[in-house]
Each structure stands twice: as structure tokens, then as C-alpha cells.
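Chain by chain, the residues run as shown.
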Amino acid sequence: MDNIWNRFVSALEEKKARDIVVLDVHELCSFTDYLIICTGTSDRQIKALAENVIERLGKPFGAEGIELSRWVLLDYMDVVIHIFQEDLRVYYDLEGMWMDAKRLVG
């Protein structure tokens, strides 16, 4: 069975996203089922990661940060993707915030 989040992870892997984590949060929150968190190595790569996800999977319900490309959020309702520069990922520590979520990848 193909999980909905697999397609998003594949699109991120195509552009060499680092440290991909998939969290199952459907029992912990009401706004999404899965969080995908990953790291890009530069502004340019982060923008390319976001654009590849959009090209492969369609326009998200909401998107933030694509132009600045330090932290991009793509909201596909059932899946929310966070693409970070490494320093911001450490600072915001979403994995720590969602430590009760089941880790599916990473």
C-alpha cells in the first residue's frame, strides 16, 4: 500500500533533501495527519525542493517562505512539509515539539 506521504518524500529525495523525518500526528492534532521535516543546504536548494514538490504533487493549500527560502512550509492538508536551513531546524526543533508522534521515517 502506498502511503500518501511517500510521494512527498520521493519528491524531496529527488532534489537531495537531507535528514528527512516523517511524523504521524493524526492522533495528536486536528490540522494534519503527517508532518514531513527536512533540511536543505542552501537557499537555492530549499527553493528547488519546494518547487519540485509543487511540480510533482500540485499546488498546496498554503505555502509560506518560498521566496526567502530559509524555512518553507507547504500545506497539503493531510501532509504538511517543513523544509529548513539547518540552523533554523535546530532552533525551532519541531521533532522535539512533536516527540509524542510516531516516527515513520528518520
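Residues numbered from 1 in each chain as written. Predicted model: local features only at pLDDT ≥ 70, side-chain atom pairs only at ≥ 80, totals over all residues. Heavy atoms only, no water.

Q: Run through the environment of Leu12, naming residues and quoting values.
A: Among the secondary structure elements, Leu12 is positioned in helix α1 (residues 4-14). Accessibility expressed as a relative area gives 0% for Leu12, which makes it buried. On a C-alpha basis, the gap between Leu12 and Ile81 in space is 9.9 Å, while along the polypeptide they are 69 residues apart. In this structure Leu12 touches Ala17, Ile20, Ile36, Cys38, Leu49, Val53, Ile81 and Ile83, once residues within four positions along its chain are discounted. (Helix = DSSP H or I, 4+ residues; strand = E, 2+ residues; numbered from the N terminus. Buried < 20%, exposed > 50% of the residue type's maximum accessible area, 1.4 Å probe, protein only. Contact = heavy atoms within 4.5 Å.)

Q: Lay out the sheet that holds strand β3 (residues 62-64) with the relevant residues and their values.
A: Ordered by their spatial adjacency, six strands build an open sheet running β3-β4-β5-β2-β1-β6, and the pairing between neighbours is mixed. Unpaired on one side and paired on the other, β3 and β6 (102-105) mark the two borders of the sheet. Each strand of the sheet is rotated relative to its neighbour by a mean of 15 degrees, with strand direction disregarded. Where strand β4 (residues 71-75) lies against strand β5 (residues 79-85), five bridges are found, and the strand directions are antiparallel. The partner of Leu73 across the bridge, within β5, is His82. Contacts between α1 and the sheet are confined to β1 (18-24), β2 (34-40), β5 and β6, with β2 contributing the most and set at about 5 degrees to the helix. Relative to the sheet, helix α2 (residues 43-57) contacts β2, β4 and β5, its axis offset from that of β5 by approximately 165 degrees. (Pairing = 2+ DSSP bridges. Axes fitted to C-alpha atoms, helices over the stretch in contact; angles between N-to-C directions.)

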